[in-house]
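Chains, contacts and geometry: an overview
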Amino acid sequence: MNIRIEKHYQARIPLAIEALIRKLLLKIPKEHLIGLGAIILVDQVTHTRNKKSTGLYWQRKGQELAKIEIAVTAIYKGMPRFIFYLPFIAKFMLANVLYHEIGHHYQYSTHGITSKGGEDFADKYRKQMLKKEFFLWGLLLLPISPLVQWLNRAQRKRTKGRG
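Per-chain numbering applies: the sequence of each chain, read as written, is numbered from 1 onward. With the structure being a predicted model, the display of local features is reserved for residues of pLDDT at least 70 and the display and counting of side-chain atom pairs for 80 or more, all residues being used for whole-chain, interface and lining totals. The side-chain figures draw on all heavy atoms in the structure; neither hydrogens nor water molecules are used.

A word on the overall build of the protein. Within the protein one finds six helices and four strands. Secondary structure elements are defined from DSSP: runs of H or I of at least 4 residues count as helices, runs of E of at least 2 residues count as strands, and each element is numbered from the N terminus. Along the protein, from the amino end to the carboxyl end, the secondary structure elements read β-α-β-β-β-α-α-α-α-α. With 163 residues in all, the protein has 45% of them scored as buried. Each residue's exposure class comes from its accessible area (1.4 Å probe, protein chains only) as a fraction of the maximum for that residue type: buried when under 20%, exposed when over 50%, partly exposed otherwise.

This is the structure we're talking about:
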């Protein structure tokens, strides 16, 4: 599966985002990625109603494959600089958005997305993939899980407050 990763963001982020996405994609079953042509990294998503969202899924249109936009700047906005030196946390924050949007793609490409169940399915998919990707980290970092939960809640609040 050859998925293009396009960098269209201007923010200076001390993290190899493209390489990180490639690593995160390795955990996803290949059949879940069929029909996904690109992951586009932007400062903010292009859809007018969802400008403050951290991610957006675009369904396939004619011959154009599906694509995902990830608003890198929005994901890490306001985060203290030290977060980028804790690879687990920075990766976890990006994975939250990426896996949620891939959940939309997987549901659409296998079942067709309904407006009623799309978000629930994507959230369930995200949680499943996060458990798969971060299982060992979860065991090792159990003592600091309150910090990880706080970051996750802060991210959700930011996302909900923007949408």
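Moving on from the model shown.
A few words on the environment of isoleucine 40. For isoleucine 40, the position within the fold is in strand β2 (residues 36-42). Sequence separation of isoleucine 40 and tyrosine 9 is 31 residues, and the distance between their C-alpha atoms is 9.0 Å. Only heavy atoms enter the contact rule, under which two residues are in contact if any of them lie within 4.5 Å. Aside from chain neighbours lying at most four places away, what touches isoleucine 40 is Glu6, His8, Lys67, Ile68, Glu69 and Ile70.

Right, let's get into helix α3 (residues 87-110). Compared with the 34 Å implied by 1.5 Å per residue over 24 residues, the 33 Å span of α3 between its first and last C-alpha is a close match. Where α3 bends most, the angle comes to about 25 degrees, and this point is alanine 95. Counting buried positions over the 24 residues of α3 gives 20, a clear majority of the element. For a helix, the expected span equals 1.5 Å multiplied by the residue count minus one. What the bend at a residue measures is the angle between two axes, fitted to the seven residues ending there and to the seven starting there.

The score called pLDDT rates the predictor's confidence residue by residue, from a low of 0 to a high of 100. Taken over all residues, the pLDDT of the protein has a mean of 84, while the share at 70 or more is 86%. When pLDDT is averaged over each element of the protein, β2 comes out on top at 95 and helix α5 (residues 135-140) at the bottom at 65.

Ile17, Ile21, Ile39, Ile70 and Tyr76 are the most contacted members of the largest nonpolar core, which has 42 residues in total. For this core, the elements supplying multiple residues, two or more each, are α1 (17-26), β2, β4 (66-71), α2 (72-76), α3 and α4 (118-133). No other element matches α3, which puts 12 residues into this core. Apart from the residues lying within four places of it in its own chain, the contact partners of isoleucine 70 are Ile21, Ile39, Ile40, Leu41, Val42, Thr54, Gly55, Ile75, Leu94, Val97 and Leu98. As used in this record, nonpolar core signifies buried Ala, Val, Leu, Ile, Met, Phe, Trp, Tyr and Cys residues forming a set joined through side-chain atoms within 4.5 Å. Formed by seven residues, the second largest nonpolar core is a distinct cluster that contains Ile40, Val45, Leu56 and Ala71.

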